[in-house]
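# Overview (structure and organization)
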Amino acid sequence: MISRLFDFIKQSKSIQLNNKHSLDIYTNTYTYHKASSSSSTPKALCDVFINHRGTDTKKTLATLLYDNLKARNLRPFLDYKTLKPGDHIFDHINGAILTSKVAVTVFSPNYGHSYSCLHELALIMESKKRIIPIFFDIKPSQLDVEIERVRCPDDEIQRFRWALQEARDIVGLMFDSDKGNLSEVVTSASDIIVQRLLELEAEDENF
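Criteria and cut-off values
Residues numbered from 1 in each chain as written. Predicted model: local features only at pLDDT ≥ 70, side-chain atom pairs only at ≥ 80, totals over all residues. Heavy atoms only, no water. Buried < 20%, exposed > 50% of the residue type's maximum accessible area, 1.4 Å probe, protein only. Helix = DSSP H or I, 4+ residues; strand = E, 2+ residues; numbered from the N terminus. Pairing = 2+ DSSP bridges. Right-handed = clockwise from strand over helix to strand, strands pointing away. Core = buried A, V, L, I, M, F, W, Y, C linked by side-chain atoms within 4.5 Å.

### Examining the pairing of strand β8 (residues 130-136)
Of all the seven residues making up β8, six are buried; the element is thus mostly covered by neighbouring parts of the structure. Pairing between strand β7 (residues 102-107) and β8: six bridges, direction parallel. Within β8, the position partnered with V106 by the bridge is I134. Sheet topology note: the β8/strand β9 (residues 173-175) ladder contains three bridges and is parallel. What sits directly across from F136, in β9, is F175. Considered for its hand, the β-α-β crossover made up of β8, helix α5 (residues 154-168) and β9 is right-handed.

### Some thoughts on unusual backbone geometry
In the Ramachandran plot, N73 falls in the positive-phi region, its phi being about 65° despite a non-glycine side chain. Of note, N73 is situated in the loop between α1 (54-71) and β6 (76-77). In this structure, K128 is a non-glycine residue whose phi angle is positive, near 55°. Looking at the element boundaries, K128 is found in the loop between α4 (115-126) and β8.

### Comments concerning the nonpolar core
Counting 28 residues, the largest nonpolar core has F107 and L164 as the members making the most contacts within it. Elements that contribute at least two residues to this core include exactly α3 (89-99), β7, α4, β8 and α5. A total of seven residues in this core trace back to one element, the largest contributor, which is α4. Grouped together as the second largest cluster of nonpolar side chains are 24 residues, I132, A189, I193 and L200 included.

Following this line, the structure appears as structure tokens:
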């Protein structure tokens, strides 16, 4: 089993969630250490998988979140940042999802038009990852599959709709680009990711 050691400096913060309630969280500054393991489990490609629609958020929230997590010595996976020439795209993305501990799903206006985004989301849900949704200029009730049926089999459409319905039922962060502060939502999301990783670490140690 991979062992981890986290050192903290905690500062109280408050973030707005999509159920309109506030949750007190902490900003964590820590050092993240890994020890070698002889476990037969697949080697983790990342700690956090960032699922997003590139045309909406690649140059803004997704990249800022990736950089913030890297600065905390975590291993985030963001396709255009992580993949290297010669990598098989779907093998690496699917492997990153399956071996990650936490997934961040950044929902945005054009999310439902992307087969790749919806496939990633469905795999995240099917593998029962800890999920942190961020609703970027979109409400949970507006999430829908927008792919043309001629391009996608009915069973895949149903799979994607199921995944979106599951996502609607998870409390997440709301962000309005006309009113919100991007750095604040990135910091808040990163803080929550750290909390989820700590919870999973504690569960592993008690298993």
